Amino acid sequence: RISYINKVLYINGKEAKQTFLGYTTDSNGGDSPIWKVAVYEENLNGIKHKIYRCLDNSLNCPNPHPHNFYNLVIPAGEYLMIGDNRDNSDDSRDWGLVKNKNFIGRALFVWMSWDSAAHSLWQKIRWQRIGTKL
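1. A few points about the state of the cysteines
Move 1: Under the definition given, this model contains 1 disulfide.
Move 2: The disulfide that involves Cys54 links it to Cys61, with 1.8 Å between the sulfurs. Between Cys54 and Cys61, the disulfide has an S-S torsion of 70° and is therefore right-handed. By the burial criterion, Cys54 is buried, and Cys61 matches it.

Written out as structure tokens, the structure is:
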């Protein structure tokens, strides 16, 4: 059972703890607006990763997923996919659960990472993420 309440995941009733790390900016690239996001580290049953959350007062944030959901039961052999950019991700909240048979591989590391809000090419590449094991 999975719930998403006020931008926090709960798995079988257990909160996926989030620790605030700081602020950064996000955009959809090109000439699109830029908005401020809060960066958190989320702990999913011992696996820690960073997530972005739009600030409530950020006018440019697309925020397509503001609604909570409660006690979603995931059938055996299916998966709920939720992006780490929680308020600006195209994921299972849009296109539904993914069946196990549709997985064709496993990600091992970050190949490339871009910051579309940066002003120069060298700032755009997130060098510190390239090669990070997943």
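2. Notes on the pattern of salt bridges
Move 1: Within this structure, the stated rule accounts for 5 salt bridges.
Move 2: Glu15 is the salt-bridge partner of Lys17, the closest N and O atoms lying 3.6 Å from each other.
Move 3: With relative accessibility at 52%, the residue Lys17 sits in the exposed group.
Move 4: Taking relative accessible area as the criterion, Glu15 reaches 32% and is therefore assigned partly exposed.

What counts as what
Residue positions are counted from 1 within each chain, in the order its sequence is given. Selection of residues for local features in this predicted model requires a pLDDT of at least 70, selection of side-chain atom pairs for listing and counting requires 80 or more, and totals for whole chains, interfaces and linings are taken over all residues. Hydrogens are left out, water is left out, and the side-chain values use all remaining heavy atoms of the structure. By definition, disulfides here are pairs of cysteine sulfur atoms that lie within 2.5 Å. The classification of residues rests on relative accessible area computed with a 1.4 Å probe and restricted to protein chains. Under 20% of the type maximum is buried, over 50% is exposed, and intermediate values are partly exposed. What makes a salt bridge here is a side-chain nitrogen of Lys or Arg within 4 Å of a carboxyl oxygen of Asp or Glu, nothing more.

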